[in-house]
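Residue-level structure breakdown
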Amino acid sequence: MAILLLASVLRFYKLADVPSGFFCDEAVQANQAYSLSQTGRDLYGEPWPILINCYHKFFQEGLNEYVMALVFRFREMDIFGARSVSALAGVLSALGAYLIVRQLWGWAPALAAAGLVAVSPWQLPLSRVAFHGTMVCAVLTFALYFFYVGLKRPGFLVFCAAMMGLGPHTYSILKLFVPLLALALFIFYRRELLSVWQDRWGRGCIYASVFVFVLLAWPMYFLSVWGPGNLRFKEISILSQDYPGLSFWRAFQLHISPDFLFISGDSNPRHHSGFGGQIFWALLPVLIFSVFEALRRKNREGILFSVLFFEGFIPVCMTMAEIEGIALRSISAAPFVELVAAYGFLRLYEILRERKIFPHPWFVGLGVLIGINAAALVGHYFTVYPTKSQEFFQYGVGEAVEYGRTHQEEYDRIYLTHEAWEGDTLLVFFTKVNPADYQKTRSKGKFFYCTPDTAACLAQPGKNLYILTPREAFPDRIKEYQGHKVMVLEPGDLEADHIKHLVLDARKALSFVVCEKPKEGTTDPIL
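Residues numbered from 1 in each chain as written. Predicted model: local features only at pLDDT ≥ 70, side-chain atom pairs only at ≥ 80, totals over all residues. Heavy atoms only, no water.

A closer look at a nonpolar patch on the surface
We apply this condition: Patch rule: a residue counts if its relative accessible area is over 30% and it has no salt bridge; like charges are joined within 9 Å, and nonpolar side chains (Val, Leu, Ile, Met, Phe, Trp, Tyr) within 5 Å. Using a 1.4 Å probe, the Shrake-Rupley method yields the accessible areas, and only the shown protein chains count as cover for residues. Definition used for salt bridges: Asp or Glu carboxyl oxygen within 4 Å of a side-chain nitrogen of Lys or Arg. A helix here means a DSSP run of H or I that spans at least four residues, while a strand means a run of E at least two residues long, and both kinds are numbered starting from the N terminus.
On the surface, Val210, Val214, Trp218, Phe222, Val225 and Trp226 cluster together into a nonpolar patch covering about 650 Å² of accessible area. Relative to the elements of secondary structure, Trp226 occurs in helix 11 (residues 200-226).

Have a look at this one:
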């Protein structure tokens, strides 16, 4: 209970504030989920879609949105509610790790596994954002748990099949990884499965499991082959490159490299806090020892979890990922880190006891090293990362829109510049438009998203407010807004000499300037 409480606190504490802002990929999920919760249709009027329309560019798996829709049935659409689905999945992932290891090796290594998941530098940051893929670890761990229970009580194989069938609905990488997982489980446990098959009740459970898996997974595979389910994959697939095999190998080398796993991690602040690698460096000797012992003793579970860890990188290597490691696309490898480590802890304890060496000092030392890693990560995440994440989570748009909502009577129109990435999606989220009305009119009230034709927005009559990005606030671009009131979202790289009298507040992101006409004989606007 204490470890689950720790996992919950680390995932729900300041959930709406850290990361700072709300990225458009989060907003598109929340918008669709809210529309489904209120109308039973997505924002484009499609009733109960299997695939979710994202930006009219591609379609994504919908399980995240449907779970989020349940949340929005009981609370208003907001950042906390949108991210709470990922946070809850992160807590369930810790519980799933505990249940698996408890089933295999006992309560002590199970507590260690759950504790490592609670503070995992790979899973923790991704448990606090509303991205696709954040439910992967929970789905995989519970699929494994139900499988191990099902070997003794075959009825639970149906629940294992259900988890695997739901897997492709959480994130596209599981369309490939779930069959790999099923194949590995069959190879490693074929004798046990054959024993289950020979029993009449067990055979019925296997038939039921196959039926449940096909029932749940088939629509996603069908739409991926004969529908729009693979549009995003086609954009990033290595199959379109001249040497896909070479690209795959380079990506695989990159993702299993010490730099990605233990030193630097994912360079994208949306996926990683920027502190250390994807795995605590203090776990490196434990993981090496665990794999060595599993091979030496031919421990089936230890070898299986090691194999699944490396298999988890196969889907990401099928995409253009040979330049930098991608934590989110390789999330299918993450849940096996703690399972491998748990076996290492178990074997270390057994060896020390066999040699009549008091084991407690060794584990206290390891605990201190891991604790230092964890404390440093948590401290960095909640102190340094909030400021660092602002730029990458479009911080300021929500604050600017909230100002516009509370001062609507002062303006005829409020424009968000096209420089704000997928700004229309952000406006739908922060203006909290009625989904039923939006499906018919596409109206956001007084809020508008500028097209690249800035002149068309500026030509609109009346008293208007223009919300700009820092790139547009430099002298050579801000001239376009002479005579208009503008709001700059965030400081970015602005310097005082560039825009005088512009007060920048990175936390409140409410910075105003009226661009007057330039003085006679000059070209620079007076600010």
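As for the pattern of salt bridges
Note the threshold: Each residue's exposure class comes from its accessible area (1.4 Å probe, protein chains only) as a fraction of the maximum for that residue type: buried when under 20%, exposed when over 50%, partly exposed otherwise.
In total, this model carries 11 salt bridges according to the counting rule given. With a shortest N-O distance of 3.6 Å, Arg405 and Glu402 are connected by a salt bridge. Within this pair, Arg405 and its partner Glu402 are both found in helix 21 (residues 397-406), separated by 3 residues, close to a single helical turn. With a relative accessible area of 30%, Arg405 lands in the partly exposed category. Glu402 gets classed as partly exposed once you look at its relative accessible area, which sits at 40%.

Some remarks on the pairing of strand 5 (residues 464-468)
Here is the rule: Whether two strands pair depends on DSSP finding at least two bridges between them.
Most of strand 5 is tucked away, with 5 of its 5 residues classed as buried. With 4 bridges joining them, strand 3 (residues 413-416) and strand 5 adopt parallel strand pairing. Its bridge partner lying in strand 5, Leu416 is registered against Ile467. In terms of strand pairing, strand 5 meets strand 6 (residues 485-488) through 4 bridges, oriented parallel. Directly across from Tyr466, in strand 6, lies its bridge partner Val486.

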